[in-house]
Amino acid sequence: IQIFTNTGAFIEQRTDVGFPYIMLLDAQENLWVTNARHENISQYDPSGALIRRYQAEGRLAGQFKSVHGIALDGKAHIIVTEIFNWRAQRFRVSE
């Protein structure tokens, strides 16, 4: 992931995020990243430090099979979509 200013000047590059598919910023400017190759969702603070990671490969509730999309509902939940499980799951974000 490469980070630039609003005018296009390079700031930094982060190479420890795996294979990002979907990225989004929450209200606190934390970065959420889905990684289908490693079946995880990671949350990073604005400085790039890992806050939390959800990871479990499989087909049961709470597990992922080709995790892809992610959304925040504004009520301390993330919604995750998966390609091979053909579903969406909702998780409470733990503090």
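It should be noted that the structure appears before, not after, this text.
Each value, and the rule that gives it
Along each chain, numbering runs from 1 in the same order as the chain's sequence is written. Where totals are concerned, whole chains, interfaces and linings use all residues; where local detail is concerned, this predicted model gives features only for residues with pLDDT of at least 70, and gives and counts side-chain atom pairs only at 80 or more. Think of the side-chain values as coming from all heavy atoms in the structure, minus any hydrogens and water. By the criteria applied, helices consist of DSSP H or I runs no shorter than four residues and strands consist of E runs no shorter than two, each listed in order from the N terminus. In this treatment the radius of gyration is a C-alpha quantity, and the globule benchmark scales as 2.2 Å times the residue count to the 0.38 power. When accessible area is computed with a 1.4 Å probe and restricted to protein chains, residues below 20% of their type maximum are described as buried, those above 50% as exposed, and intermediate ones as partly exposed. Throughout, a contact is declared for two residues whenever any of their heavy atoms are within 4.5 Å. Surface accessibility follows the Shrake-Rupley procedure with a 1.4 Å probe radius. Residue values consider only the protein chains on display as shielding. His is not counted, nor are the chain ends; Lys and Arg add positive charge and Asp and Glu add negative charge. Charge coordinates come from a single atom per side chain, which is NZ of Lys, CZ of Arg, CG of Asp or CD of Glu. One bridge is not enough; two strands pair if DSSP finds at least two bridges between them. Orientation is described by lines fitted to C-alpha atoms, with helices fitted over the stretch in contact, and by angles between N-to-C directions that extend from 0 to 180 degrees. Put simply, a nonpolar core is a bunch of buried Ala, Val, Leu, Ile, Met, Phe, Trp, Tyr and Cys residues held in one set by side-chain atoms that sit within 4.5 Å of each other.

Undergrad: Would you mind showing me how to read the overall build of the chain here?
TA: Looking only at helices and strands, one finds zero helices and nine strands in the chain. For 95 residues, the compact-globule estimate of 2.2 N^0.38 gives 12 Å, and the C-alpha radius of gyration of the chain, at 14 Å, lies within 12% of that figure. Counting only C-alpha atoms and orienting by the principal axes, one finds that the chain spans roughly 45 × 30 × 20 Å. Taking all 95 residues of the chain together, 36% fall into the buried category. Pairs at least 24 apart in sequence give 28% of the contacts found in the chain among residues at least 6 apart. Total accessible area computed for the chain in this model is approximately 6000 Å², and 53% of it derives from carbon and sulfur atoms. Taken as two groups, the 10 positive and 10 negative side-chain charges of the chain have centres that lie 8 Å from each other.

Undergrad: Would you mind showing me how to read the pairing of strand E4 (residues 31-35) here?
TA: Looking along a regular strand, one sees the side chains alternate between the two faces of the sheet. Burial analysis of E4 places five of its five residues in the buried class, the great majority of the element. Here E4 shows a buried face lined by Leu31, Val33 and Asn35 and a second buried face lined by Trp32 and Thr34. Looking at chain direction, strand E3 (residues 20-25) and E4 are connected through four bridges and run antiparallel. Each bridged residue has a counterpart across the sheet, and for Leu25 the counterpart in E4 is Leu31. In this sheet, strand E5 (residues 40-44) lies alongside E4 in antiparallel orientation, the contact comprising five bridges. In the sheet register, Val33 faces E5, and the bridge partner there is Ser42. What sits between E4 and E5 in their antiparallel hairpin is a turn of four residues, with Glu39 showing a positive phi close to 55°.

Undergrad: Is there a simple way to explain the sheet that holds strand E9 (residues 87-92) in this structure?
TA: Sheet strands pair by backbone hydrogen bonding; their relative direction is either parallel or antiparallel. On the basis of which strands lie adjacent, the open sheet formed by three strands has the order E7-E8-E9 and antiparallel pairing. Single-partner strands in this sheet number two, and they are strand E7 (67-72) and E9. Each neighbouring strand pair of the sheet contributes to a mean axis angle of 25°, computed without reference to strand direction. For E7 and strand E8 (residues 77-82), the ladder comprises four bridges, and the chain directions are antiparallel. Looking at the pairing, Val67 lines up with Glu82 of E8.

Undergrad: Would you explain the nonpolar core in this entry?
TA: The nonpolar side chains of a soluble globular protein tend to be buried, and buried together. Counting eleven residues, the largest nonpolar core consists of Leu24, Trp32, Ile41, Tyr54, Phe64, Val67, Ile70, Ile78, Val80, Phe91 and Val93. Residues in contact with Phe91, not counting those within four places in the same chain, are Gly62, Phe64, Ala76, His77, Ile78 and Val80.

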